[in-house]
Structures are given as structure tokens and as C-alpha cells.
Amino acid sequence: MKLAIPKERRPHERRVAATPDTVKKLISLGLDVIVEKDAGLMSSIPDSEYVSAGAKIAADAAETYADADVIFKVQRPLHAAEGDIDEMALIKPGAILIAILSPLSDGATVDAYAKGNITAFAMEFMPRITRAQSMDVLSSQSNLAGYRAVIDAAYEFSRAYPMMMTAAGTVAPAKILVMGTGVAGLQAIATAKRMGAVVSATDVRAAAKEQVESLGGKFVMVESTETGETEGGYAKEMSDEYKEKQAALIAATIAKQDIAITTALIPGRPAPTLITKEMVQSMKPGSVIIDLAVESGGNCELSQAGKIVLESGVKIIGHHNVPSRVATDASALYAKNLLNFITPLMDSDNKTLNIDWEDEIIVGTLLTKDGAIVNANFNERLTGGK
């Protein structure tokens with residue numbers, strides 16, 4: 001079986017879907033691995049390392065995709081209207097595509113997978129169960145995004161993070177508010193604390209309080225009988241009454257902060273607005289906001305994707321694809337996620353795929369099969385279900 005690793009072509013994408021380490025393991029499973037020329041270059045992986053691991057190097061996309069049985073990608077393939085290369089046209093019918101496919105924001109391409117008889121797996125739909133943790137791409141990438149957010153904030157901030165007592169005087173520690181305490185938020189808290197900042201955090205999920213405090217942060221939350229968590233463990237949209245109380249609490253809190261890092265996302269929906277223009281204007285000049293949800297609409301009313309906005313002396317940062325800003329480690333973790341996903345699907349005796357279509361992990365991630373869209377989660381969201 002041929003497994004293809006194409007070069008990522010979407011803007012701001014530096015990651016790659018396999019590393020030399022995972023290539024060795026994929027080959028040991030019985031797969032023939034072909035990697036497109038320079039696919040790993042932006043993740044500091046030269047072609048020579050893939051060759052040493054046993055992979056073949058393809059000269060271009062056409063050669064990479066040709067007759068590929070399985071395709072590993074980071075982001076969904078380009079179609080004719082998106083770039084110079086129509087990757088969708090290069091995928092043969094019956095091929096298996098495994099990637100972060102963003103189906104809820106690109107339904108037209110999902111239709112194209114079905115029409116092309118592509119068996120597509122959306123890795124971001126991975127069920128939140130114990131045995132799927134090593135395959136959870138959202139967690140692995142969000143972890144690095146949370147880390148990088150603190151580093152990016154430090155770069156833009158004109159002061160130091162830790163308290164410093166010197167002969168010339170004392171430098172007060174930076175005050176950082178983390179909004180949303182999923183994987184990205186918790187890593188942001190841990191990183192900021194290691195760098196010496198005073199950290200507070202807020203979340204709609206009451207269960208987050210213990211996690212925040214275990215990392216040395218102060219938990220800030222609206223008292224409510226509402227539960228802010230779905231059955232899958234994700235944050236959910238709250239009532240208008242809750243939002244009003246939360247806005248008042250955040251307005252009182254954020255004015256005292258030097259840095260705010262927002263991470264709040266609701267799967268399949270625009271990111272909730274947590275920081276208004278008035279809140280930004282209440283912050284001290286020189287303060288910094290890092291909006292990790294900017295590509296989903298943003299948690300800050302003034303953030304813009306790919307830009308640094310200056311408002312009343314406050315910098316609002318909206319970097320594209322933050323995990324890709326730590327491309328080497330992000331690629332290593334993502335590649336391991338894909339390896340862990342495909343390993344149990346391989347028949348060790350026949351060196352072929354033997355997929356249990358009833359398995360919870362397969363049912364959760366399978367998007368299209370046999371010319372049809374089969375994912376219940378996608379279909380429910382498409383029709384307005386929850």
C-alpha cells in the first residue's frame with residue numbers, strides 16, 4: 001500500500017504530516033511511504049532525513065498523489081479554485097484521506113470527497129475517550145498554541161514578566177488573564193507561571209477551577225447554575241443572562257491586567273466575543289491581547305486575522321495558524337497522532353488495512369465513505385442540530 005505525504009500548500013502552513021521517526025514506523029507496518037520534495041523543509045526536516053528513514057521522494061504533487069492508497073495531510077487538499085494545483089483532482093477514487101479537514105467551514109469540499117469516492121477522516125472529530133488521547137490532534141496542536149501565545153505576548157510586551165528586585169528598584173510582575181481553559185489555556189497558564197507572571201483565568205466550565213488552581217492561577221468565574229460543558233467535554237454557548245454577567249466580571253478584571261490571552265472556541269460556531277472595544281480601551285497603554293480564536297471570528301471585537309491592531313495603546317495580536325509558528329514540534333506531535341490512528345487499522349500479517357467500521361473512533365472521525373457523507377456530527381451541524 002502506498003502512503004503519500006504531500007507538501008502543505010495552504011497559506012501560513014509550515015507543518016508536515018510525517019517525520020522521519022514516524023516514517024520508519026509506517027514502513028514497519030507494511031506501508032510504502034512517498035514524501036513530496038521539500039514537504040518537511042519548513043519544519044526543519046530535509047528530504048535526506050526522510051530518505052534515511054526509508055521513504056521515497058517524489059518530484060511534485062502529481063507524482064506524490066499518483067496511485068496513493070492513503071494520504072496523510074495537515075490541512076485539507078486544495079481544489080481548483082484555491083490554488084495553482086488542484087490536489088482534489090489528483091486523489092484517486094477509493095483513496096483514504098486523513099487530515100484536519102475543517103468540514104464545518106467547508107461543506108462544498110466535503111461534497112467533493114463524497115463525489116470523488118474518497119474515504120475521508122476528519123481528525124478534529126476524534127472522540128474524547130481515553131484510548132483516543134494519543135490521536136487527539138486538537139489537543140496536541142492547542143497545547144503548543146497556548147505555549148506560543150505566551151511567547152508572542154512577551155515579544156510584544158514592553159515590560160518583563162517576573163518580579164525583579166534590583167539596586168535600581170523593583171520591577172513588578174506582569175499580570176496575565178487567560179480566557180478559556182481548555183488545552184491551550186492551561187498550557188498558557190503553566191507557561192506564564194514558569195516565566196514569573198501573576199496569572200488569572202476564566203472559563204464557563206466550573207470544573208476548570210481545580211485545574212487552574214493546580215497550576216498556580218487564580219480562577220475568575222460567574223456564579224451560576226448553568227453548566228458550561230457539553231457531554232464531550234467542550235465548552236458550550238451560554239445564555240444571554242450568563243453572558244451579561246460574564247461581560248461585567250471581565251470588564252472589571254481586564255482593566256487591571258497587562259496581558260490577555262483568549263482561547264475560547266465553540267466547535268462549528270463563530271468564536272464568542274469576550275473582549276469588547278470598551279474593555280480594550282480600559283486596559284493600560286502597553287497592554288497586549290493575544291487572540292487565539294481570531295481565525296474563527298475572534299474573541300476580541302477588534303482583532304483581525306493576520307494583523308496587529310493598535311487601539312488606545314493596546315496591541316491586539318491575531319496571528320494566523322499559531323501551532324504552525326512552532327512547526328517542528330507541532331509536526332512531530334501531529335505526525336505521531338496520525339501514526340497512532342493508523343497503527344491499529346493495519347493487519348500485521350497481510351500488511352493491509354483492516355478497518356472496523358463500527359469502532360467508536362472510526363465512526364467519530366469518518367466523514368465520507370462509498371460516495372456518501374456518513375458523519376452524524378457533520379450532518380447534525382449542517383441542519384442546525386447540536
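So, about the overall build of the chain. Assigned secondary structure in the chain consists of 13 helices and 19 strands. Taking 21 Å as the expected radius of gyration for a compact globule of 386 residues, we find that the chain reaches 22 Å, a close match to that expectation. By its C-alpha atoms, the chain is 65 × 50 × 40 Å across when sized along the principal axes. Contacts in the chain between residues at least 24 apart in sequence constitute 66% of all its contacts with a sequence separation of at least 6. In the chain, 39 side chains carry a positive charge and 48 a negative one; their mean positions are 6 Å apart.

Membership of the largest hydrophobic core comes to 60 residues, with the highest contact counts inside it found for Ile 5, Leu 26, Phe 72, Ile 98 and Phe 341. Contact partners of Ile 98, with chain neighbours within four places excluded, come to Val 70, Ile 71, Phe 72, Lys 73, Phe 121, Met 123, Tyr 334, Leu 338 and Phe 341. Listed in part, the 31 residues of the second largest apolar core include Ala 145, Phe 157, Leu 292 and Ile 317.

A separate point is the packing of aromatic side chains. Across all of its chains, the model carries two aromatic pairs by this definition. Consider the rings of Phe 121 and Phe 341, whose centres lie 5.4 Å apart with planes at 65°: the pair is edge-to-face. Here Phe 341 lies in helix 11 (residues 327-342) and Phe 121 lies in strand 6 (residues 119-122), a separation of 220 residues in the sequence. Taking the relative accessible area as the measure of exposure, Phe 121 reaches 1% and is therefore buried.

Take the layout of surface pockets next. Approximately 160 Å³ is the volume attributed to the second largest pocket. Surrounding the second largest pocket, Lys 175, Val 198, Ser 200, Lys 218, Val 220, Ala 252, Thr 253, Lys 256 and Gln 257 form its lining. Listed by contribution, the elements that provide at least two residues to the lining of the second largest pocket are strand 10 (198-202), strand 11 (218-220) and helix 9 (240-254). Split by residue class, the lining of the second largest pocket holds three nonpolar, three polar and three charged.

Put simply, helix 6 (residues 137-156) and helix 11 touch, their axes get as near as 9 Å, and they point 170° apart. With respect to their mutual orientation, helix 6 and helix 11 come out roughly antiparallel. Where helix 6 approaches helix 11, its residues Val 137, Ser 140, Gln 141 and Leu 144 are matched on the opposing element by Asp 329, Ala 330, Leu 333, Tyr 334 and Asn 337.

Here we come to the environment of Asp 329. The residue Asp 329 is located in helix 11 in this model. On the basis of relative accessibility, which here comes to 44%, the residue Asp 329 falls in the partly exposed class. Distance in space between the C-alpha atoms of Asp 329 and Ser 44 is 10.0 Å, their sequence separation being 285 residues.

What follows is about the pattern of salt bridges. By the definition in use, this model includes 18 salt bridges. Note that Asp 21 and Lys 25 form a salt bridge whose closest N and O atoms lie 3.0 Å from each other. Within this pair, Asp 21 and its partner Lys 25 are both found in helix 1 (residues 20-28), separated by four residues, close to a single helical turn. Judged by its relative accessible area of 34%, Lys 25 falls in the partly exposed class. We note a salt bridge from Arg 131 to Asp 359, for which the minimum N-O separation is 3.1 Å. One end of the pair, Arg 131, is in the loop between strand 6 and helix 6; the other, Asp 359, is in the loop between strand 17 (352-353) and helix 12 (360-365), with 228 residues separating them in the sequence. What you see here is one network of salt bridges that share partners, running through Arg 9, Glu 36 and Glu 87.

Our next topic: unusual backbone geometry. Unusually for a residue other than glycine, Ser 102 sits at a positive phi of about 45°. Tracing the sequence through the fold places Ser 102 in the loop between strand 5 (96-100) and helix 5 (107-115). In this structure, Asp 370 is a non-glycine residue whose phi angle is positive, near 55°. With respect to the element layout, Asp 370 can be found in the loop between strand 18 (366-369) and strand 19 (372-373).

Burial of the side chains of strand 14 (residues 308-311) is restricted to one face: Val 309 and Glu 311 are buried, whereas none of Ile 308 and Leu 310 on the reverse face is. Taken together, the four bridges between strand 14 and strand 15 (residues 314-317) define a ladder with antiparallel strand orientation. Paired with Ile 308 across the bridge in strand 15 is Ile 317. Counted along the chain from strand 14 to the antiparallel partner strand 15, the turn is two residues long, and its residue Ser 312 has a positive phi close to 55°.

Turning to the packing of helix 6 against helix 7 (residues 183-194), a few remarks are in order. Relative to each other, helix 6 and helix 7 sit at 40°, their axes nearing to 7 Å. The hand of the helix 6/helix 7 crossing is right-handed. For the pair helix 6 and helix 7, the contacting residues are Ser 139, Ser 142, Asn 143, Gly 146, Tyr 147 and Val 150 in the first and Val 183, Ala 184, Gln 187, Ala 188, Thr 191 and Ala 192 in the second. Residue composition of the contact of helix 6 with helix 7, grouped by class: six nonpolar, six polar and no charged.

Rules of the game
- Residues numbered from 1 in each chain as written.
- Predicted model: local features only at pLDDT ≥ 70, side-chain atom pairs only at ≥ 80, totals over all residues.
- Heavy atoms only, no water.
- Helix = DSSP H or I, 4+ residues; strand = E, 2+ residues; numbered from the N terminus.
- Rg over C-alpha atoms; globule rule 2.2 N^0.38 Å.
- Contact = heavy atoms within 4.5 Å.
- Lys, Arg positive; Asp, Glu negative; His and termini not counted.
- Charge placed at Lys NZ, Arg CZ, Asp CG, Glu CD.
- Core = buried A, V, L, I, M, F, W, Y, C linked by side-chain atoms within 4.5 Å.
- Buried < 20%, exposed > 50% of the residue type's maximum accessible area, 1.4 Å probe, protein only.
- Phe/Tyr/Trp six-rings, centres within 6.5 Å; stacked < 30°, edge-to-face > 60°.
- 1 Å grid on protein atoms, 1.4 Å probe; cavity = no way out; pocket = protein on both sides within 12 Å on 5 of 7 lines; lining within 4 Å.
- Points joined across faces, edges and corners; volume = space filled by probe spheres on them.
- Nonpolar A, V, L, I, M, F, W, Y, C, P; charged D, E, K, R; others polar.
- Axes fitted to C-alpha atoms, helices over the stretch in contact; angles between N-to-C directions.
- Parallel < 35°, antiparallel > 145°, perpendicular 65-115°, else oblique.
- Salt bridge = Lys/Arg side-chain N within 4 Å of Asp/Glu carboxyl O.
- Pairing = 2+ DSSP bridges.
- Left-handed = near helix turned anticlockwise from the far one by under 90°.

Any functional reading would require information that these geometric values do not contain.
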